[in-house]
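Each chain, letter by letter, is given below.
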Amino acid sequence: MQLRYNYRMYPDAQQRVALAHAFGCARVVFNDALRTRQEAREQGLPYISDGDLSKQVITRAKATPERAWLGQVSAVILQQALADLNMAYRNFFASMVGIRKGPKVASPKFRSKKDARQAVRFTKNARFTVTESGRLRLPKIGDVPVRWSRSLPSEPSSVTVIKDSAGRYFASFVVDAADRPLPETDSEIGIDLGLTHFAVTSDGRKVSNPRILRRAARKLRKANKALSRKQNASANRAKAKLKVAKAYAKMTDTRRDWAHKLSTTLIRENQTVYVEDLAVSGLARTKLATSVHDAGWSQFTAMLEYKAARYGRHFARIDRWFPSSKLCSTCGTIATSMPLASRSWMCGCGVTHDRDINAAINILAAGQAERRNDCGARPGPGHVPAPREEAVTRRKSHVRQAGMDVNAPGLRST
Ligand SMILES: [Zn+2]
């Protein structure tokens, strides 16, 4: 399985200038290529192949006075910027014709200097190395100090250098990590993800968002409010903006660490984990949006999924719609009405249910039934690649959030 290992890095002033230049060159190649394809389309010309595009916006461009400076950075990062664009196009096409599942992928967008996240990727071809003194040697950048919070499990195939909106630098390595199956256990669990509690399990556990996360979220709201009061384009506004970015980084770091701990515990303790598929993107369009994003459900379920694959567990989303909260898990009767406010209810059969625990029990039962029906029909759990959204143009998040290792101290990067 491919995983990302992230480390904070501390480039000096000169290296920061070189990195800014590299970010800029990669962005220009990406945008030139996108514009070239868009213009071809407007003129009714055929789709430009990846190879032709590379010749046009890298090889030939370097020979022109307008783009001669592209020669000052590693050619690999330019090719990788182009690879990002090609991947974005492929995802867009696959999504359009329905090959790619999940939410619709938008067409590639131009990158901007003002994007929250700036990044360049070096592959093995670029010959990046770790020096004896433990610095990361990057071509045409230099030997950059890195805080190695843990050791790399194997030789990385690539490293992405990221600058986030809080002004922090990260080295994100892609490495092959071996599967580590855990001894089998009998226990299976259903999880109901919700708003009142982050998660409620079929064995009766209720997990709330931790106080530390709520505090981080509150700080972010405060910083946002302060920002909205600042004048446009003033120095104070820039300062307030950085404050928001820092508060945001703090909150997402806290949330990720916490989600790692919870998902690891659940995967360790259970052989099978079932989660109701919330169709988060559907919910996100309603007014529940903020809560949905705060809760970080999709991040959490993605962690459950890849950890299950890595540790020899089974994970499934229950995608069949069923009234998990209204169905009595004891007798199977469906309650006719149930206001969202009522946390417990009594069924005609005489059993009083906690609304959320009852739902989790139903999710477990539905998962088990689905799996029994499936037995023999499928060759077992399929290959689950670590999320590699990095190749999919730019993102809103600051640091790669999924696809990281279980105990990821390197991610606690403040
Ligand atoms: Zn009942």
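Keep in mind it's a predicted model, so treat the numbers as computed, not measured.

Cut-offs and rules
- Residues numbered from 1 in each chain as written.
- Predicted model: local features only at pLDDT ≥ 70, side-chain atom pairs only at ≥ 80, totals over all residues.
- Heavy atoms only, no water.
- Helix = DSSP H or I, 4+ residues; strand = E, 2+ residues; numbered from the N terminus.
- Buried < 20%, exposed > 50% of the residue type's maximum accessible area, 1.4 Å probe, protein only.
- Contact = heavy atoms within 4.5 Å.
- Areas by Shrake-Rupley, 256 points an atom, 1.4 Å probe, with all protein chains shown as cover.
- Phe/Tyr/Trp six-rings, centres within 6.5 Å; stacked < 30°, edge-to-face > 60°.
- Lys NZ or Arg CZ within 6 Å of the ring centre and 35° of its normal.
- pLDDT = per-residue confidence, 0-100.
- Pairing = 2+ DSSP bridges.
- Polar contact = N/O pair within 3.5 Å; in protein donor to acceptor, adjacent residues only side chain to side chain.
- Patch = residues over 30% accessible without salt bridge, like charges linked within 9 Å, V, L, I, M, F, W, Y side chains within 5 Å.
- Salt bridge = Lys/Arg side-chain N within 4 Å of Asp/Glu carboxyl O.
- Axes fitted to C-alpha atoms, helices over the stretch in contact; angles between N-to-C directions.
- Parallel < 35°, antiparallel > 145°, perpendicular 65-115°, else oblique.
- Left-handed = near helix turned anticlockwise from the far one by under 90°.
- Nonpolar A, V, L, I, M, F, W, Y, C, P; charged D, E, K, R; others polar.

Asker: Could you give me a rundown of the overall build of the protein, with the residues and numbers involved?
Answerer: Counting its secondary structure elements, the protein contains nine helices and 14 strands. Looking at the protein as a whole, 47% of its 414 residues qualify as buried. Residue pairs at least 24 apart in sequence account for 71% of intrachain contacts in the protein once pairs closer than 6 positions are excluded. Accessible surface computed for the protein: about 21,700 Å², of which carbon and sulfur atoms make up 53%.

Asker: I'd like to hear about the packing of aromatic side chains, residue by residue, with values.
Answerer: Tallying each qualifying case throughout the model produces 10 aromatic pairs. Ring centres of Tyr 47 and Phe 93 lie 5.6 Å apart, and the angle between their planes is 75 degrees; this geometry places the pair in the edge-to-face category. Taken together, the positions of Tyr 47 in the loop between helix 1 (13–42) and helix 2 (50–62) and Phe 93 in helix 3 (residues 75–96) put the pair 46 residues apart, joining distant regions of the chain. Ring geometry for Phe 92 and Phe 93: centres 5.7 Å apart, planes at 40 degrees, overall tilted. You can call Phe 92 buried: its relative accessible area is 19%. Judged by its relative accessible area of 33%, Phe 93 falls in the partly exposed class. Among the aromatic residues, those joined into a cluster by ring pairs are Tyr 7, Phe 128, Trp 148 and Phe 173. Its guanidinium or amino end placed over the ring of Tyr 5, Arg 150 lies 3.5 Å from that ring's centre, counting from NZ or CZ.

Asker: Which residues make up the confidence of the model for the protein, and what are the values?
Answerer: With 84% of its residues at a pLDDT of 70 or more, the protein shows a mean pLDDT of 84. The secondary structure element of the protein with the lowest average pLDDT is helix 6 (residues 280–284), at 51, and the one with the highest is helix 1, at 97. Across residues 377–414, confidence stays below pLDDT 50; counting only partners more than four residues off in sequence or on other chains, it has 102 contacts.

Asker: Could you give an account of the sheet that holds strand 5 (residues 142–145), naming the residues involved and the relevant values?
Answerer: Neighbouring strands of a sheet are bound in pairs by backbone hydrogen bonds; such pairs are parallel or else antiparallel. On the basis of which strands lie adjacent, the open sheet formed by three strands has the order 3-4-5 and antiparallel pairing. At either end of the open sheet lies a strand with only one pairing partner, and these are strand 3 (129–130) and strand 5. Bridge count between strand 4 (residues 135–138) and strand 5: four bridges; the pairing is antiparallel. Along strand 5, the bridge assignment pairs Leu 138 with Gly 142.

Asker: Can you explain the side chain of Asp 164? Please cite residues and give values.
Answerer: Checked against the element boundaries, Asp 164 lands in the loop between strand 6 (158–163) and strand 7 (169–176). Only 2.9 Å separates the side chain of Asp 164 from the side chain of Arg 168, close enough to count as a polar contact.

Asker: Any chance you could break down a nonpolar patch on the surface for me, citing the residues and the numbers?
Answerer: Judged by side-chain polarity, Tyr 47, Phe 93, Met 96, Val 97 and Ile 99 come together as a nonpolar surface patch covering roughly 540 Å² of accessible area. Tracing the backbone through its elements, the reader meets Met 96 in helix 3. On the accessibility criterion, Met 96 (51% relative accessible area) is exposed.

Asker: Provide a residue-level description of the packing of helix 1 against helix 2, including the pertinent values.
Answerer: The N-to-C vectors of helix 1 and helix 2 enclose an angle of 120 degrees; their axes lie 10 Å apart at closest approach. As the angle between them shows, helix 1 and helix 2 are arranged oblique. At the point where helix 1 passes helix 2, the crossing takes the right-handed sense. In contact with Val 29, Asp 32, Ala 33, Thr 36 and Arg 37 of helix 1, helix 2 contributes Asp 50, Leu 53, Gln 56, Val 57 and Ile 58. Grouping the amino acids of the contact of helix 1 with helix 2 by side-chain chemistry returns five nonpolar, two polar and three charged.

Asker: Describe the sheet that holds strand 2 (residues 118–123), with residues and values.
Answerer: In space, the four strands of this open sheet follow the order 1-7-6-2, with antiparallel pairing throughout. The two strands at the open ends of the sheet, each matched to only one other strand, are strand 1 (2–9) and strand 2. In this sheet, adjacent strand axes meet at a mean angle of 20 degrees when their direction is disregarded. Where strand 2 meets strand 6, six bridges bridge the pair, whose relative direction is antiparallel. Residue Gln 118 lies in a different strand from strand 6, and its bridge partner there is Lys 163.

Asker: Go over the environment of Ala 33 with me, naming the residues and quoting the values.
Answerer: Examined against the element boundaries, Ala 33 turns out to sit in helix 1. Overall, the relative accessible area of 0% leaves Ala 33 in the buried class. Taking the C-alpha atoms as reference points, Ala 33 and Ser 54, 21 residues apart in sequence, are found 8.0 Å from one another. Other than its neighbours up to four places away in sequence, Ala 33 contacts Leu 53, Val 57, Leu 82 and Leu 85.

Asker: Explain the pattern of salt bridges to me, using residue names and the numbers behind them.
Answerer: Following the criterion strictly, the structure yields 15 salt bridges and no others. Of the charged contacts in the structure, one is a salt bridge between Arg 35 and Asp 32, with a shortest N-O distance of 3.2 Å. Of this pair, Arg 35 and Asp 32 both sit in helix 1, three residues apart, roughly one helical turn. You can call Asp 32 buried: its relative accessible area is 13%.

Asker: Describe in detail the side chain of Asn 270, supporting the description with residues and values.
Answerer: With respect to the element layout, Asn 270 can be found in the loop between helix 5 (235–269) and strand 11 (272–276). With a relative accessible area of 4%, Asn 270 lands in the buried category. At a separation of 3.3 Å, a polar atom in the side chain of Asn 270 contacts the side chain of Ser 187. If we skip the residues at most four places from it in the chain, Asn 270 touches Thr 185, Ser 187, Glu 188, Ile 189 and Arg 313.

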